[in-house]
Amino acid sequence: MSELSVMAVARGLEAAGISFERNAKLARFTTIGLGGPAEVLARPRSTEEIQTVVELAKAHEVPLRVLGAGSNLLVNDAGVAGVVLHTGALAHVRIDEENGIVDAGAGCHFPSLVKKTAGCGLRGLEGGVGIPGSLGGVVTMNAGAYQFSIGPLVESVEAVSADSGVMTLTRPSIDFRYRKSSFGSDLIVASVRLLLQPDSATAVRADLDAHMHTRKTTQPVGVKSAGCIFKNPEGDSAGRLIDAAGLKGLTVGGARISDVHANFIVHDGATTTAEVAALIDRVRESVATTTQVELETEVMTWN
Ligand code: EPU
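Anyway, here's the lowdown on the structure attached to this text. Bear in mind that the values here come from a model prediction, so they are computed numbers and not experimental data. (Residues numbered from 1 in each chain as written. Predicted model: local features only at pLDDT ≥ 70, side-chain atom pairs only at ≥ 80, totals over all residues. Heavy atoms only, no water.)

**Re the pattern of salt bridges**
No. 1: Counted under the stated rule, the structure contains 18 salt bridges.
No. 2: Here Arg123 ties to Asp199 by a salt bridge, and the two come within 2.7 Å at their closest N and O atoms. Here Arg123 is found in strand 8 (residues 122-123), whereas its partner Asp199 is found in the loop between strand 14 (197-198) and helix 5 (201-218), with 76 residues between them in sequence.
No. 3: Judged by relative accessible area, which is 23%, Arg123 ranks as partly exposed.
No. 4: Asp259 is the partner of Arg256 in a salt bridge, and the nearest nitrogen-oxygen pair spans 2.6 Å.
No. 5: The partly exposed category is assigned to Arg256, whose relative accessible area is 33%.
No. 6: On the basis of relative accessibility, which here comes to 44%, the residue Asp259 falls in the partly exposed class.
No. 7: Salt bridges sharing partners connect three or more residues here, namely Arg123, Glu126, Asp199 and Asp207. (Salt bridge = Lys/Arg side-chain N within 4 Å of Asp/Glu carboxyl O. Helix = DSSP H or I, 4+ residues; strand = E, 2+ residues; numbered from the N terminus. Buried < 20%, exposed > 50% of the residue type's maximum accessible area, 1.4 Å probe, protein only.)

And the structure:
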């Protein structure tokens, strides 16, 4: 890929009237607050604009990555080549309270959507209140917490693929697995229809508050982090294993294993993605030595 290809994409975005930025620092867009620049950061406002971005990247053979709320993501300190498609402007929400139908854009901030639907007396999302993602990200990685998982609530998804264009997938044709789904940068979530259960707003709100309380007491909330670093191995918890290996408080430079929950890396601003990555390697090696379990990362890394 050459600088010329990236410039051609930028010209195409300009001609199509799609908002974009050159050399956009991605630290601003990740919850851990780290990461170098994207050559082009495109901000489509509609499904059609997503399609245009995808087609331009494909035509000029430029890599394309999708960025939602940046909550499960580590971006290389040197930044990333090509186009980053940021879904932040796709944030519409339409709620049919009577029938429990919620139509929302991929860029919609998930914790806000949880509060909004609870306020309308719709049950279903309250268990996911602390998941700090975008709706598109939550669906793409089938995010979950406690008994909550997004998959069973998804009625349909409008998605865009470079090869097949815009399509609507209904629930039976979507493959939801542990922290995985049919979606990704090859099939980009544009908008989602959820089916929730009408209930009393007071009851749903009480459950939401209880989930938030549990989360606040068991996870580092209100500090910069990328969420859980490792997937849970079958039948166990990565946090428990890391804790049992005595690694709480372990640091590499300014990156530190949280004292609240050992599957989180926290920092006070003075660190880099390289230090976080080195800490992840240290933890993986140490847990493998002490417990013979090979932990697999849940966070995505963009190099
Ligand atoms: N534990 C420890 N030490 C720790 C952390 C946990 O001993 O530092 C123990 C706990 O005491 C508990 C067990 O490990 O007995 C499980 O802990 P927890 O209930 O906190 O759940 P988890 O398995 O560590 C998973 C998800 C979280 C999700 C919580 C709550 C993964 C990798 N983690 O954590 O998801 O919020 O359950 O539902 O699936 C995420 O995916 O980013 C994430 C944070």
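Structure's up, so let's keep going.
**Describing helix 1 (residues 3-16)**
No. 1: If you check helix 1, its first and last C-alpha atoms are 20 Å apart, about what 14 residues at 1.5 Å a residue would give, namely 20 Å.
No. 2: Restricting attention to buried positions, one finds in helix 1 the residues Ser5, Val6, Ala8, Val9, Ala10, Gly12 and Leu13.
No. 3: Residue Gly17 follows helix 1 closely and has a positive phi angle near 75°. (Expected span 1.5 Å × (residues − 1).)

**Observations regarding the site of the ligand**
No. 1: The full set close to the ligand counts 20 residues, and Tyr146, Gln219, Cys228, Asn232 and Glu298 are the nearest of them.
No. 2: Residue Asn232 places a side-chain N or O atom 2.8 Å away from an oxygen atom belonging to the ligand.
No. 3: Between the ligand and Asp243 there is a distance of 2.8 Å, counted from a nitrogen atom to a side-chain nitrogen or oxygen.
No. 4: Protein burial of the ligand: of its 820 Å² of free accessible surface, 72% is covered by the chains.
No. 5: Ranked by residue count, the leading element in the shell around the ligand is helix 6 (residues 238-244), at three residues.
No. 6: For the shell around the ligand, the per-class residue count stands at seven nonpolar, seven polar and six charged.
No. 7: There are two domains that each give the shell around the ligand at least three residues, and those are domain 2 (93-202) and domain 3 (221-302). (Near = heavy atom within 4 Å. Polar contact = N/O pair within 3.5 Å; in protein donor to acceptor, adjacent residues only side chain to side chain. Areas by Shrake-Rupley, 256 points an atom, 1.4 Å probe, with all protein chains shown as cover. Nonpolar A, V, L, I, M, F, W, Y, C, P; charged D, E, K, R; others polar. Domains from an automatic or database assignment.)

**A short note on the packing of helix 3 (residues 110-119) against helix 5**
No. 1: Following both chains from N to C, one finds helix 3 and helix 5 inclined at 150°, their axes separated by 8 Å at the closest point. Classified by the interaxial angle, the pair formed by helix 3 and helix 5 is roughly antiparallel. Residues Val114, Lys115, Ala118 and Gly119 of helix 3 form the contact with helix 5, whose own contacting residues are Ala201, Val204, Arg205 and Leu208.
No. 2: The residue makeup of the contact of helix 3 with helix 5, split by class, is five nonpolar, one polar and two charged. (Axes fitted to C-alpha atoms, helices over the stretch in contact; angles between N-to-C directions. Parallel < 35°, antiparallel > 145°, perpendicular 65-115°, else oblique. Contact = heavy atoms within 4.5 Å.)

**Observations regarding the side chain of Asn72**
No. 1: Here Asn72 lies in the loop between strand 3 (64-67) and strand 4 (73-75).
No. 2: Asn72 sits in the buried class, given a relative accessible area of 11%.
No. 3: At 3.1 Å, the side chain of Asn72 forms a polar contact with the backbone oxygen of Glu298.
No. 4: If sequence neighbours within four positions are ignored, Asn72 has contacts with Met141, Ala226, Cys228, Glu298, Val299 and Met300.

**Let's talk about the side chain of Ser134**
No. 1: Note on placement: Ser134 falls in the loop between strand 8 and helix 4 (135-140).
No. 2: Overall, the relative accessible area of 3% leaves Ser134 in the buried class.
No. 3: The contact partners of Ser134, leaving out residues within four places of it in the chain, are Gly68, Ala69, Thr87, Ala106, Gly107, Cys108 and Phe110.

**Brief notes about the sheet that holds strand 12 (residues 165-170)**
No. 1: In space, the five strands of this open sheet follow the order 6-7-13-11-12, with antiparallel pairing throughout. One side of each edge strand has no neighbouring strand; the edge strands of this open sheet are strand 6 (93-96) and strand 12. Strand-to-strand, the axes of this sheet are offset by a mean angle of 15°, without reference to chain direction.
No. 2: Pairing analysis gives four bridges linking strand 6 to strand 7 (residues 101-105), with the strands arranged antiparallel. By the bridge assignment, Asp96 is partnered in strand 7 with Ile101. (Pairing = 2+ DSSP bridges.)

These values are about where atoms sit, not about what they do.
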